[in-house]
Amino acid sequence: MLLLTVEMIVGGSEGSTVSGVKIVRVVSLEAGVIERIGEPFPGIDSSRDIEISGEHVSANFYNVSVVLVLWLLFLLGGMIALFVLLPPENESFQHVVFEVASAQRNVGLSSGLTSPGRSRAVKLVLSGNMWVERLTILPVLVLLRGSV
């Protein structure tokens, strides 16, 4: 279940219509972390060309970091909400993480926590995670900022 959850979170190629963290972002983050260890105080431009499978890809460590942190914050928010809303006997950590990751990535898999009989609040939390990720995180935050 852990392996499937990680694959749901990370899986997806750059340019595909799949939501969520894409493999190129994980590789970009890895390259950025390694570069920051070697050069802890870089210049203003954090864009670098990295090589992925023989191709050069432009990666911006700052942008990748922001998207990944926001993605993980929404995942964590959904998990906390489910822990609060679900009855204590249904609160298996691995099942909650699996359900929220599946909802946020719009995968459609369930470990049994999602069902038509759940409360509206649980359905709204999972639907919110689906909606935010389907539209992608940054445009949703811009939309929410404009409505305040």
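Each chain has its residues counted from 1, running along the sequence as written. Owing to the predicted nature of the model, reporting of local features is limited to residues with pLDDT of at least 70; listing and counting of side-chain atom pairs is limited to 80 or more, with chain, interface and lining totals taken over all residues. Here the side-chain values reflect all heavy atoms present in the structure, with hydrogen atoms and water set aside.

Taking an unreviewed UniProt entry as the reference, the protein chain is identified by name as Cation transporter belonging to Natrialba taiwanensis DSM 12281. UniProt positions are given in the numbering used here, feature names are shortened, and annotations may be inferred rather than shown by experiment. Quoted verbatim from the Subcellular location (unreviewed entry) field of the UniProt record, the comment on the protein chain reads "Cell membrane". What UniProt states about the protein chain under its Sequence similarities (unreviewed entry) heading is, verbatim, "Belongs to the TrkH potassium transport family."

Some thoughts on the UniProt feature "transmembrane region" (unreviewed entry) in the protein chain
Per the UniProt entry, the sites bearing "transmembrane region" (unreviewed entry) are residues 61–86 in this numbering. When the span residues 61–86 is considered, its composition is 96% helix and 0% strand, and the gap between its end C-alpha atoms is 37 Å. Strands here are runs of E lasting at least two residues and helices are runs of H or I lasting at least four, both read from the DSSP assignment and numbered beginning at the N terminus.

Observations concerning the packing of helix 3 (residues 61–85) against helix 5 (residues 120–135)
As a packed pair, helix 3 and helix 5 sit with axes 9 Å apart at the nearest point and diverge in direction by 170 degrees. As judged from the angle between their axes, helix 3 and helix 5 are roughly antiparallel. Counting all contacts with helix 3, which are made through Trp 71, Phe 74, Leu 75, Gly 78, Ala 81, Leu 82 and Leu 85, the residues of helix 5 involved are Ala 121, Val 122, Val 125, Leu 126, Asn 129, Val 132 and Glu 133. Residue classes follow a fixed rule: Ala, Val, Leu, Ile, Met, Phe, Trp, Tyr, Cys and Pro count as nonpolar, while Asp, Glu, Lys and Arg count as charged, and any other residue, Gly among them, counts as polar. Its residues assigned to classes, the contact of helix 3 with helix 5 comprises 11 nonpolar, 2 polar and 1 charged. Orientation is described by axes fitted as lines to C-alpha atoms, over the contacting stretch for helices, and by angles from 0 to 180 degrees between their N-to-C directions. Each angle gets one of four labels, with under 35 degrees taken as roughly parallel, over 145 as roughly antiparallel, 65 to 115 as roughly perpendicular, and the rest as oblique. By definition in these notes, contact holds between two residues if any of their heavy atoms fall within 4.5 Å.

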